[in-house]
Amino acid sequence: MLGLTPHNNIQLEASWLAELANEFDQDYMQKLRAFLQQEKAAHKLIYPPGKLIFNALNTTPLEQVKVVILGQDPYHGPGQAHGLCFSVLPGVATPPSLLNIYKEMESDLAIPRANHGCLTYWAEQGVLLLNAVLTVEKARAAAHQGKGWEHFTDKVISILNEKESGLVFLLWGSYAQKKGQFIDRNKHLVLQSPHPSPLSAYRGFLGNKHFSQTNAYLETQGKETIDWKLPD
């Protein structure tokens, strides 16, 4: 099942399950489940592992979310994806986009570059690291786009937009900006820039000061700021 029903071996965190349980009965999710079962039956390797598909939601409960970073797809290389956008597990080489994120943090907040690419520490502080599509086939970028995940993650963003206030949405690149275009700018801070990819980082991602702006806004909302410095 690859974790697509909250009542099988994958448990969705309680606050998210309360809001999203009905999604698992929707037609699009039934089709998505069938697609993933078909891919698995064809012995295709799917990332991340089933127990980590909902890792972003399970690590950052709804009521703890302060910041949302939107990604596109999981990494499609062996051992990279673990359910948090831009993040890889310790021991895996830090991807180029994340290196540019570190470069901007260093410039913005004088935070030394981390020696790994695991962003779990951010997620545990309330940074929801959400990809638009939650699974991918090995070595086939974007293989699972248009199969239903986008509906599910739109629902996640909609819940945050409607039920919370004073959140920061970091929309890097045109894909994330289009996905987040319905966010209420009167209730939340939306920061946009080019994507941190090496192809576009120098067109405005580097120098965007999003990390300091995020913390300054959280302070105005009476919320604890994010400690962006990752532990070794």
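Residues numbered from 1 in each chain as written. Predicted model: local features only at pLDDT ≥ 70, side-chain atom pairs only at ≥ 80, totals over all residues. Heavy atoms only, no water.

Draft legend 1. Looking closely at the layout of surface pockets. One number sums up the size of the largest pocket: a volume of about 600 Å³. What lines the largest pocket is a set of 36 residues, and nearest its centre among them are Gln72, Asp73, Tyr75, Phe86 and His195. Sorting the residues of the lining of the largest pocket by element identifies strand E2 (67-71), helix H4 (96-109), strand E3 (127-131) and helix H7 (174-179) as the ones contributing at least two each. (1 Å grid on protein atoms, 1.4 Å probe; cavity = no way out; pocket = protein on both sides within 12 Å on 5 of 7 lines; lining within 4 Å. Points joined across faces, edges and corners; volume = space filled by probe spheres on them. Helix = DSSP H or I, 4+ residues; strand = E, 2+ residues; numbered from the N terminus.)

Draft legend 2. A look at the UniProt feature "active site" (unreviewed entry) in the protein. Under the present numbering, the feature "active site" (unreviewed entry) in UniProt falls on Asp73. Position of Asp73 among the secondary structure elements: in the loop between E2 and H4. Using a relative accessible area of 18% as the deciding quantity, one classes Asp73 as buried. If sequence neighbours within four positions are ignored, Asp73 has contacts with Asn131, Val133, Ala142 and Gln145. In terms of polar contacts, Asp73 uses its side chain to reach the side chain of Gln145, at 2.6 Å. (UniProt positions renumbered as here; feature names shortened; annotations may be inferred. Buried < 20%, exposed > 50% of the residue type's maximum accessible area, 1.4 Å probe, protein only. Contact = heavy atoms within 4.5 Å. Polar contact = N/O pair within 3.5 Å; in protein donor to acceptor, adjacent residues only side chain to side chain.)

Draft legend 3. Quick peek at the nonpolar core. Of all hydrophobic cores here, the largest spans 61 residues; its most connected members are Trp16, Ile69, Trp122, Leu128, Trp149, Phe152 and Leu160. If one sorts the elements of this core by residue count, helix H6 (residues 149-163) sits on top with six residues. (Core = buried A, V, L, I, M, F, W, Y, C linked by side-chain atoms within 4.5 Å.)

Draft legend 4. Focus on the sheet that holds E2. Reading across from one edge, E3-E2-E5-E6 is the order of the four strands in this open sheet, with parallel pairing throughout. Two strands in the sheet have a free side with no partner beyond their single neighbour: E3 and strand E6 (189-193). Mean inter-strand twist for the sheet, computed between neighbouring axes without regard to direction, equals 20°. Sheet topology note: the E2/strand E5 (residues 168-172) ladder contains three bridges and is parallel. Bridging across to E5, Val68 finds its partner in Phe169. (Pairing = 2+ DSSP bridges. Axes fitted to C-alpha atoms, helices over the stretch in contact; angles between N-to-C directions.)

Draft legend 5. Local environment of the pattern of salt bridges. Summed over the entire model, instances satisfying the criterion amount to six salt bridges. Where Lys31 meets Asp27, a salt bridge forms, and the shortest distance between an N and an O atom there is 3.2 Å. Here the residue Lys31 and the residue Asp27 both occupy positions in helix H2 (residues 27-41), the gap between them amounting to four residues, near one helical turn. Salt-bridge contacts for Lys179 lead to Asp154; the nearest nitrogen and oxygen are separated by 2.6 Å. Here Lys179, found in helix H7, pairs with Asp154, found in helix H6; they are 25 residues apart in sequence, far enough to count as distant. By relative accessible area, Lys179 is classed as buried at 9%. (Salt bridge = Lys/Arg side-chain N within 4 Å of Asp/Glu carboxyl O.)

Draft legend 6. Structural detail: the environment of Glu63. Here Glu63 shows up in the loop between helix H3 (55-59) and E2. Within the structure, Glu63 has its side chain in polar contact with the side chain of Ser15 (distance 3.1 Å).

Draft legend 7. Layout of unusual backbone geometry. Residue Tyr47 is joined to Pro48 through a cis peptide bond whose omega torsion reads -10°. The residue Pro48 is located in the loop between strand E1 (46-47) and H3 in this model. Backbone geometry at His43 places phi at a positive 65°, although glycine is not the residue there. Note on placement: His43 falls in the loop between H2 and E1. On the accessibility criterion, His43 (74% relative accessible area) is exposed. At Ala110, a position not held by glycine, the phi torsion is positive, near 60°. Tracing the backbone shows Ala110 in the loop between H4 and helix H5 (120-124). For Ala110, a relative accessible area of 63% translates into the label exposed.

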